[in-house]
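# Reading the structure
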Amino acid sequence: MADLDRAGELGLRESGLAVVATSRVDGSVQASVVNAGVVDHPATGERVVGFVVAKRGARKLTNLRAHPYVAVVFRSGWEWIAVEGHTELVGPDDPLEALEPADIARLLRVIYAAAAGGSPEDWSALDDTMAAEGHTALLVRPQRVYSNPA
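What counts, and where the lines are drawn
Residues numbered from 1 in each chain as written. Predicted model: local features only at pLDDT ≥ 70, side-chain atom pairs only at ≥ 80, totals over all residues. Heavy atoms only, no water. Phe/Tyr/Trp six-rings, centres within 6.5 Å; stacked < 30°, edge-to-face > 60°. Helix = DSSP H or I, 4+ residues; strand = E, 2+ residues; numbered from the N terminus. Patch = residues over 30% accessible without salt bridge, like charges linked within 9 Å, V, L, I, M, F, W, Y side chains within 5 Å. Areas by Shrake-Rupley, 256 points an atom, 1.4 Å probe, with all protein chains shown as cover. Salt bridge = Lys/Arg side-chain N within 4 Å of Asp/Glu carboxyl O. Core = buried A, V, L, I, M, F, W, Y, C linked by side-chain atoms within 4.5 Å. Buried < 20%, exposed > 50% of the residue type's maximum accessible area, 1.4 Å probe, protein only. Contact = heavy atoms within 4.5 Å. Arc of directions from axis to C-beta. Pairing = 2+ DSSP bridges. Axes fitted to C-alpha atoms, helices over the stretch in contact; angles between N-to-C directions. Polar contact = N/O pair within 3.5 Å; in protein donor to acceptor, adjacent residues only side chain to side chain.

## Details of the packing of aromatic side chains
One pass over the structure, following the stated rule, counts 1 aromatic pair. Between W80 and Y146, the ring centres sit 6.1 Å apart and the planes meet at 85°, which makes this aromatic pair edge-to-face. Placement of W80 in strand β5 (residues 79-90) and of Y146 in strand β6 (residues 136-147) is noted, with a sequence separation of 66 residues between them.

Structural data, given as structure tokens:
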């Protein structure tokens, strides 16, 4: 999926920063900035957009549990690409059947590395903090990818 790879490249130009839009329970839109990147889904191997919600109980988690569809927009300068799709939550409160609980820390490291750079091993020092704070991985399966003309 070339457009998805382009999204990852744009994200890396901007330290992995992307805008995420979710739907609140009342149907209004909530937007925020996250670090996001393109990764392989840990169970299926398909390319997905991954980002991490760093705090247990965050509004984004509440929103996504109720309405799991999200838009993620990567941009660099005037170039942008949007990825829309259903989101799968993977974390201490949202287990993924195909993963052992110990694999969640590795998935979080893979996402942080894809979003902010480095290798997954560079992020291993944060494993205890991520677990204590209830960091949750969000995996967006692309259903619609679009952008401005290149």
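## Re a nonpolar patch on the surface
Together, L17, V19 and V33 give the surface a local cluster of nonpolar side chains, amounting to about 240 Å² of exposed area. Mapping V33 onto the fold places it in strand β2 (residues 29-40).

## So, the nonpolar core
A36, V49, F51, V72 and F74 are the most contacted members of the largest nonpolar core, which totals 22 residues. Apart from the residues lying within four places of it in its own chain, the contact partners of A36 are G16, A18, V49, G50, F51, V72, F74 and A115. With 14 residues, the next largest nonpolar core counts L107, L108, Y112 and L139 among its residues.

## Examining helix α2 (residues 59-66)
What α2 keeps buried is the set K60, L61, N63 and L64. Viewed along the axis of α2, the buried residues span an arc of 165°, placing them on a single side of the element. In this structure, the buried residues of α2 make contact with β1 (17-23), β2, β3 (47-53), β4 (69-76), β5 and β6.

## Some points on the sheet that holds β3
In spatial order, the strands read β1-β2-β3-β6-β5-β4; together these 6 strands close into a barrel with antiparallel pairing. For this sheet, the mean inter-axis angle between neighbouring strands, taken without regard to orientation, is 40°. Pairing of β3 with β6 involves 5 bridges; the strand directions are antiparallel. Bridge assignment links V53 to a residue of β6, and that residue is T136. Its contacts with the sheet place α2 against β1, β2, β3, β4, β5 and β6, and it is angled at close to 80° to β2. Across the sheet, helix α3 (residues 101-116) lies against β2, β3, β5 and β6, angled at about 100° from β2, the strand it touches most.

## Description of the pattern of salt bridges
Throughout the structure, instances matching the rule amount to 10 salt bridges. The residue R47 makes a salt bridge to D40 at a minimum N-O spacing of 3.0 Å. With a shortest N-O distance of 2.9 Å, D93 and R56 are connected by a salt bridge. In this pair, D93 is assigned in the loop between β5 and α3 and R56 in the loop between β3 and α2, connecting sequence segments 37 residues apart. Here the salt bridges do not stand alone but share partners, grouping D5, D40 and R47 into one network.

## Regarding the side chain of N148
Tracing the backbone through its elements, the reader meets N148 in the segment after β6. Of note is the side chain of N148, whose polar atom sits 2.7 Å from the backbone oxygen of W78. Reaching out from N148, the side chain makes a polar contact with the backbone nitrogen of W80 at a distance of 3.1 Å. Setting aside residues no more than four positions away along its own chain, N148 makes contact with R6, W78, E79 and W80.

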